[in-house]
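# Structural overview for review
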Amino acid sequence: QVQLVESGGGSVQAGGSLKLSCEASGSSLSACGMEWYRQDPGKERELVSRASSDGTTTYADAVKGRFTVSRDNAKNTLYLQMDSLKTEATATYYCAAHCIAGYSADSGFATVTYWGQGTQVIVSS
């Protein structure tokens, strides 16, 4: 099992930077794909970035060129470096780990997903 704790959120002016961390305990993340999501109250959750277990990274169009996701499997930590922040980035940010749980001939690979509690980011103009 994996436990995730996000940190690093806060309030910044537009154009500023923050670095979020997602620290895991309980198990290694080496076999897990990691993701960052964000959500404003009453709005739909949005995928921000993904760091796959094979090293591939992807970003939502809204953050490309300004956000950088990275992972340190030895430290069981996922990071999100956020630069040139815009007010639209205001949200609670969550990390998720999708870890291989098993395999069956009928359904293929199965994964289990773990979520952190979230860390709030507020960007003001």
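All of the points below concern the structure found in this document.

Rules behind the numbers
- Residues numbered from 1 in each chain as written.
- Predicted model: local features only at pLDDT ≥ 70, side-chain atom pairs only at ≥ 80, totals over all residues.
- Heavy atoms only, no water.
- Phe/Tyr/Trp six-rings, centres within 6.5 Å; stacked < 30°, edge-to-face > 60°.
- Lys NZ or Arg CZ within 6 Å of the ring centre and 35° of its normal.
- Salt bridge = Lys/Arg side-chain N within 4 Å of Asp/Glu carboxyl O.
- Helix = DSSP H or I, 4+ residues; strand = E, 2+ residues; numbered from the N terminus.
- Buried < 20%, exposed > 50% of the residue type's maximum accessible area, 1.4 Å probe, protein only.

### Remarks on the packing of aromatic side chains
Any pair of aromatic rings gets described here by the distance separating the centres and the angle formed by the planes. Counting across every chain of the model gives two aromatic pairs. K19 extends its terminal NZ or CZ atom over the ring of Y79, reaching a point 4.7 Å from the ring centre.

### A closer look at the pattern of salt bridges
One pass over the full model with this rule turns up three salt bridges. A salt bridge links R50 to E35; its shortest N-O distance comes to 2.6 Å. Taken together, the positions of R50 in strand β5 (residues 46-51) and E35 in strand β4 (residues 32-39) put the pair 15 residues apart, joining distant regions of the chain. According to the relative accessible area criterion, R50 is partly exposed, its value standing at 31%. The class of E35 is buried, set by a relative accessible area of 5%.

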